[in-house]
Amino acid sequence: MKKLLILVLIISIVLMIGCTVENIVSNSEIHKHNEITIVTYNDTYKKYPVLQGYIDKFQLETGIKVKIDAIEANTYDDYIKKLNTKLYFKKGPTLILFSESENYSKYIDNGVALNVKGRINNYKKIYNSLKYKDSFVPIGMTYVATILNKNLLEELGMKEPNFNWTNKEYLHIKKKWLEEEPRYFNITEYKDIVVNPLNRLEIIDKDKKIVTLNNLKVKNVIKDAQKKIFSDNYIINSKYSYMDYYEMFFDYDSDKYLKSMRKDYHYENRNKVLKYRFGINGLKTLVTSTKMKKENLLILPRIDKDIGLKTWGFIVNKNGKNVEIGMKFLDGLLSDEVQLLMFNFSTYGGYPVNKNIEDKISKIERKNNVSKKAIELRKYILKKIKAGIYKPYRQIDSVKYEFQLMLHKDLMKLIFTDKLYTDEELSMELQKLENKYNIWLNE
Amino acid sequence: MIFESKKYKGLLFILPSLIGFGILYVIPFFGGIKYSVSKSSFNSTFVAFNNYTDVFKNNAFKIALKNTCFFMIISIPVLIVISFVIALMIYELKAPKIVKLSIMLPIAVPSGTVVGFFKKVFGFNGFNLIDSEYAMLVVILIFIWKNTGYNLIIYLAGLSQMDKEVIEASMIDGANYFQRLQYIIIPLFTPINVFVAIVTIINSFKIFKDIYMLQGSYPNPKIYMLQHYINNKFNDLQYEKLTSSAYIFSLMIFVVVFLLFILDKKHAKRVGGN
Amino acid sequence: MKKLLLVVLLIISLLYVYPIIFTFTSSFMSYEEIMSGNIHIIPEEFNLQQYYSIITFKGEYFHYFLNSIKLTSIIIFGQVIIGIFAAFAFAKMDFVARNLIFILYILAILLPFQVTLVPNYLVFDKIQRLINIKIFDTHTAIILPGIFTSFGVILLRQFIRNIPNEIIETAMLDGASYTKILFKIVLPILRPAIFTLIILTFIDNWNLVEQAIIFLDSPSKLPLSVFLENIYYNDFKVFYAGAVLYIIPSLILFIKGEKYLMEGLNIGGLK
């Protein structure tokens, strides 16, 4: 009786496990020898037509399977969790794809990435400014240039700024523009009024690991911003609270966001906007040239030099399977012909990071009658990249930029407050934020 | 004791559980220790207790530990008392079903709804406590609201399993209700109280999810908990810091649990168990 | 006095249920009404918009629902069976290293789950290589830890401990075996405890999110809890209707299980 019961018990356990094992797979399927895996967040890889085309070609030519592990996650945080778990695997994913908006530095600093110097032939062809500890392999880059409305400039009787323009020049133009008539308040204006002045203050000291926020300078920015935003210069919805502004700036599904977009250059208000909300990749002359000609736009390098440049590319996982094949895969992506292809794709995928093909690009430009101005802009940006002035700081120096984003989101609460804070209250609120950031920085 | 002749019989009974538990829980438990004495997540050089001392020196960890301890010391006893009293009331008054259901339901509610509601009441448009000095109050409230039902279920089952003859006997002795409670019911409840305490500790970790959905990875410093620290360390790939901080914390909890366990054993002696 | 206490109890229960009523009525509000910031409990107009879009546009909702049902029911079944045997042994049988093993049982579930996450992941990987079954991205990865958690063992052990030894000793003297005692004597007394375990295991696993996110890759295998979170983050407009549907199985379980919870066999009756 007893033995029977225990037997039944064991059988039921086995059955239970058995019926839940969806598929019993053979040995070869678990550890494949001829396969590399690329991890991406949702379907970011689809943003890069050149990558998709290359994967097909690579699979055909070498017979090696390239598996894309597109992790679908509810939030980016969930994705990071999942990705991190996979990295502890003995034979984990081979490559990790990072898009322009992702930070890769912590993966390299923590020793996940393989040093590829000397192991990928074409790696030496990459612009030096784009490299990070010889562990990140960039494939394409984007320099988000500023777009100004040339018609409007002429109307205002302003002189066209040149590539070396300064913040002072921009503010001058803007003052004139605001004097003309009240303008819609939107995130571009918010950035000009709050974000940029704040970024210029030295709030975070990464070496000493200190954030100092509760001081006169920050308070002045806040007070000054409130004065500017709630002046006659802007058309403001008086019913909007802090939450509404938050949605308008950051919640891309919200009505408020869409409404603000509509008021922007996209639709009705197009002719009246001075600086466009979305920039354009200044390196892609095939696109910028037509834009300049057709829409009479002025495309300029950014005033804030540090945040224009972004790259997308890969990290080779030290614990990954078949890393040698993975590096061969990347080598091909960096080759002259694949890189050149990227220049031809007018929309997505960025500009080649391979510096050896500049002549070939010039040839294509000549063939397509690209305007002189567009070429000048491209060359100007490349010069700055070669000189090491433009770098993908945003992705490398993630602490600083993560901090800035956090700060701007938090400060909105203080700026769009219903009742104005007294000096003392403002100090208290800033102190609270300061404490929070210090925890974050010292974690 | 009469069972002694069959000393290994018990092992057979726990064998299925032991195998699974051993593989899925005990091995990882010790596997985690290996990480805590490694140089970094991806470099297994042995560094002894360096990570532990690093974690101890860390300011964020200290704040997190302080907040978590404060939260647990206040909310766990309060929750246990509240749920026990409510269970007693329901049992003694034979309360209608709807009362039981109302108190049990919050445990079935997903975190999102809790957050949706509490954000409206205590958030920016409401009392705005969540950004203030008293944010911990909101967290404790959510915790108690959410978990009373959990403990209530256990207590109700315990009450219905109680030996009613003992209680009836004491009634004949003329003991009033509170004497009965103090000398008979509560001692009888020791094993269940021990279990409720353990479960409440486990559930108190889960409050992180609600705070996270309310305020993200870096909340108001007043409610920055150890789970935030652990969670952020995981995202930053610093598994060595994560594990060492968790083991420090677990050691502290273990002291408490060990005391509970001794209490449990004492009780067993009193009722004549082994 | 009794009536007064009953009123107090009713007020308390009203406080507990208020946020749920709020959820329930919110599910009948239109998108615009939900998005407007102020708290109100009665919808301006009764509206089935949310339910309609869940049923039509989010047909997958029921697919995830079934996933969750499958996961939780297997876990409950396994945990109860394994738990009963182990708990009985821990409570009433004597064997080597009993207390030590039991302390380990407590310790291991007290660790935050992130700590054992990576080692657990590596253990699964080992098993996968050793016996050639796929664990990652299958429900097994959720079910196995769910079944073998020590939660049920500890719960049942504490309840069995309350059963006086004399009952068992008498039965033993009559020549009954352990298995017989377990099934004939302990189980009937244990009924409320087992229902407690069923309800609590259901709740814990129905609400399980993190493990599912980590161990399951294919979106089609995810449980409802993860999908609901997706709605929360990406489609808040229909969240409340989703939440109400999400609560229903628990509600049914509470209504059905509640009476078993209270109708245990009295220990005294066995003597």
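Residues numbered from 1 in each chain as written. Chains lettered and ligands numbered in written order. Predicted model: local features only at pLDDT ≥ 70, side-chain atom pairs only at ≥ 80, totals over all residues. Heavy atoms only, no water.

An unreviewed UniProt entry annotates chain B as ABC transmembrane type-1 domain-containing protein originating from Thermohalobacter berrensis. In its Sequence similarities (unreviewed entry) section, the UniProt entry covering chain B states "Belongs to the binding-protein-dependent transport system permease family." According to the UniProt record, the Subcellular location (unreviewed entry) comment for chain B is "Cell membrane". (UniProt positions renumbered as here; feature names shortened; annotations may be inferred.)

An unreviewed UniProt entry lists chain A under the name Sugar ABC transporter substrate-binding protein, with Thermohalobacter berrensis given as the organism.

Participant: Looking at this model, I keep getting lost on the overall build of chain B. Mind explaining?
Facilitator: Scanning chain B from terminus to terminus reveals 12 helices and 2 strands. For chain B, the succession of helices and strands along the chain, N to C, is α-β-β-α-α-α-α-α-α-α-α-α-α-α. For chain B, the spread of C-alpha atoms along the principal axes amounts to about 65 × 60 × 30 Å. Among the 274 residues that make up chain B, the fraction classed as buried is 62%. Here the analysis covers contacts within chain B between residues at least 6 apart in sequence; of these, 74% occur between residues at least 24 apart. The average position of the 25 basic charges and that of the 13 acidic charges among the side chains of chain B differ by 6 Å. (Helix = DSSP H or I, 4+ residues; strand = E, 2+ residues; numbered from the N terminus. Buried < 20%, exposed > 50% of the residue type's maximum accessible area, 1.4 Å probe, protein only. Contact = heavy atoms within 4.5 Å. Lys, Arg positive; Asp, Glu negative; His and termini not counted. Charge placed at Lys NZ, Arg CZ, Asp CG, Glu CD.)

Participant: Help me understand the pattern of salt bridges, please; the structure alone is not making it clear to me.
Facilitator: Between side chains of opposite charge, pairing is possible as soon as their charged atoms come close. Following the criterion strictly, the structure yields 37 salt bridges over all chains and no others. Between Asp217 of chain C and Lys82 of chain A there is a salt bridge, and its shortest N-O distance comes to 2.8 Å. With one member in each of two chains, Asp217 of chain C in the loop between helix H11 (210–215) and helix H12 (224–234) and Lys82 of chain A in helix H4 (residues 76–87) form a pair that bridges those chains. The shortest N-O distance in the salt bridge between Glu429 of chain A and Lys432 of chain A comes to 3.4 Å. You can see Glu429 of chain A and its partner Lys432 of chain A sitting in helix H19 (residues 423–442), 3 residues apart, about one turn around the helix. For Glu429 of chain A, a relative accessible area of 21% puts it in the partly exposed group. A residue is classified by how much of its surface remains accessible, and Lys432 of chain A, at 21% relative accessible area, is partly exposed. Salt bridges here are not isolated pairs; linked through shared partners, they connect Asp69, Lys82 and Lys86 of chain A together with Asp217 of chain C. (Salt bridge = Lys/Arg side-chain N within 4 Å of Asp/Glu carboxyl O.)

Participant: Please explain the domain arrangement of chain B as it appears in this structure.
Facilitator: Many authors give the size of an interface as the accessible area that is lost as the parts come together. All names here are of chain B. Domain assignment breaks chain B into domain 1 (1–36) and domain 2 (49–270). Its C-alpha centre places domain 1 at a distance of 27 Å from the equivalent point of domain 2. At the interface, 6 residues of domain 1 touch 7 residues of domain 2. When domain 1 packs against domain 2, the two sides together hide about 480 Å² of surface, and 60% of this comes from carbon and sulfur. The tally of links from domain 1 across to domain 2 stands at 5 residue pairs in polar contact (both at pLDDT 80 or more). Considered class by class, the residues forming the side of domain 1 that touches domain 2 number 4 nonpolar, 2 polar and no charged. (Domains from an automatic or database assignment. Buried area = accessible area lost by both parts, 1.4 Å probe. Polar contact = N/O pair within 3.5 Å; in protein donor to acceptor, adjacent residues only side chain to side chain. Nonpolar A, V, L, I, M, F, W, Y, C, P; charged D, E, K, R; others polar.)

Participant: Even after reading the chapter, I still don't get the packing of aromatic side chains, so can you show me in this structure?
Facilitator: Two descriptors summarise a pair of aromatic rings, namely the distance from one centre to the other and the angle between the planes of the rings. The final tally for this structure, using the stated rule, is 91 aromatic pairs over all chains. When the ring of Tyr232 of chain C is compared with that of Phe239 of chain C, the centres are 5.3 Å apart and the planes differ by 70 degrees; the resulting orientation is edge-to-face. Each member of the pair, Tyr232 of chain C as well as Phe239 of chain C, is classed as buried. Three or more aromatic residues joined by ring pairs form one cluster here, namely Phe185, Tyr190, Phe230, Tyr234, Tyr240, Tyr242, Tyr245, Tyr246, Phe249, Phe250 and Phe416 of chain A. Geometry around Phe250 of chain A places Lys409 of chain A over its ring, the cationic atom sitting 4.7 Å from the centre. (Phe/Tyr/Trp six-rings, centres within 6.5 Å; stacked < 30°, edge-to-face > 60°. Lys NZ or Arg CZ within 6 Å of the ring centre and 35° of its normal.)

Participant: When you look at the interface of chain C and chain B in this model, what are you seeing that I'm missing?
Facilitator: Each partner contributes to the interface: chain C provides 113 residues, whereas chain B provides 108 residues. Across the chain C to chain B interface the summed buried area is about 10000 Å²; carbon plus sulfur atoms make up 73%. Along the contact surface separating chain C from chain B lie 5 salt bridges. Salt-bridge contacts for Lys209 of chain B lead to Glu229 of chain C; the nearest nitrogen and oxygen are separated by 2.8 Å.

Participant: Quick question: what am I supposed to make of a negative patch on the surface here?
Facilitator: Residues and elements named next belong to chain A. Side chains of Glu154, Glu155, Glu179 and Glu180 sit close together on the surface and give a patch of like negative charge. Those elements giving two or more residues to the negative patch turn out to be helix H6 (150–156) and helix H7 (167–180). With respect to the secondary-structure elements, Glu179 resides in helix H7. Residue classification places Glu179 among the exposed residues on the basis of a relative accessible area of 54%. (Patch = residues over 30% accessible without salt bridge, like charges linked within 9 Å, V, L, I, M, F, W, Y side chains within 5 Å. Areas by Shrake-Rupley, 256 points an atom, 1.4 Å probe, with all protein chains shown as cover.)

Participant: Whenever I open this one, the packing of helix H6 (residues 135–161) of chain B against helix H1 (residues 2–26) of chain C confuses me. Can you help?
Facilitator: If you want to describe how two helices pack, look at the angle between their axes and the distance between the axes. Axis separation between H6 of chain B and H1 of chain C bottoms out at 11 Å; the angle between their running directions is 105 degrees. One finds that H6 of chain B runs roughly perpendicular with respect to H1 of chain C. Contacts between H6 of chain B and H1 of chain C involve Ile144, Trp145 and Thr148 of chain B from the first element and Leu15, Tyr16, Pro19 and Ile20 of chain C from the second. Class assignment of the residues belonging to the contact of H6 of chain B with H1 of chain C gives a composition of 6 nonpolar, 1 polar and no charged. (Axes fitted to C-alpha atoms, helices over the stretch in contact; angles between N-to-C directions. Parallel < 35°, antiparallel > 145°, perpendicular 65-115°, else oblique.)

Participant: So what exactly am I meant to see when it comes to helix H11 (residues 226–235) of chain B here?
Facilitator: Along an α-helix, residues three or four apart share an orientation, since each turn contains 3.6 residues. Residues and elements named next belong to chain B. With respect to burial, H11 is a largely interior element, 10 of its 10 residues being buried. Restricting attention to buried positions, one finds in H11 the residues Leu226, Gln227, His228, Tyr229, Ile230, Asn231, Asn232, Lys233, Phe234 and Asn235. Directly beyond the C-terminal end of H11, a positive phi value near 65 degrees is found at Leu237.

Participant: Hey, could you run me through the interface of chain B and chain A in this one?
Facilitator: Opposite the 30 residues of chain B that make contact, chain A presents 27 residues. Summed over both sides, the interface between chain B and chain A buries roughly 2700 Å², with carbon and sulfur atoms accounting for 61% of that surface. The tally of links from chain B across to chain A stands at 1 salt bridge. Elements supplying a minimum of two residues to the side of chain B that touches chain A: helix H1 (9–36), helix H3 (59–93) and H11 of chain B. Of all the elements, H11 of chain B adds the most residues to the side of chain B that touches chain A, at 7 residues. Here the side of chain B that touches chain A is built from residues that sort into 16 nonpolar, 10 polar and 4 charged.

Participant: Which parts of the structure should I look at to understand the pairing of strand E11 (residues 309–316) of chain A?
Facilitator: All names here are of chain A. Summarising burial for E11: 7 of the 8 residues are buried, a large majority. Here 4 bridges tie strand E3 (residues 95–98) to E11, and the two strands are oriented antiparallel to one another. Directly across from Leu97, in E11, lies its bridge partner Phe314. Note: strand E4 (residues 136–149) against E11, 7 bridges, orientation antiparallel. The residue of E11 that forms the bridge with Thr142 is Lys310. (Pairing = 2+ DSSP bridges.)

Participant: I would appreciate a short explanation of the domain arrangement of chain A in the present structure.
Facilitator: Residue and element names in this part refer to chain A. Looking at the assigned domains, one finds that chain A contains domain 1 (32–140 + 310–368) and domain 2 (144–307 + 393–442). Just the C-alpha atoms count here: the centres of domain 1 and domain 2 sit 32 Å apart. Across the contact, 20 residues belong to domain 1 and 12 residues belong to domain 2. Sorting the residues of domain 1 by area buried against domain 2 places Asn103, Lys310 and Tyr351 first, and these three jointly supply 35% of that buried surface. Between domain 1 and domain 2 we count 0 salt bridges in total. In this assembly, domain 1 and domain 2 are joined by 9 residue pairs in polar contact (both at pLDDT 80 or more). Elements with a minimum of two residues in the side of domain 1 that touches domain 2: E11 and helix H14 (336–344). With 3 residues, the single largest contributor to the side of domain 1 that touches domain 2 is H14. Among the residues making up the side of domain 1 that touches domain 2, the classes are represented as 7 nonpolar, 9 polar and 4 charged.

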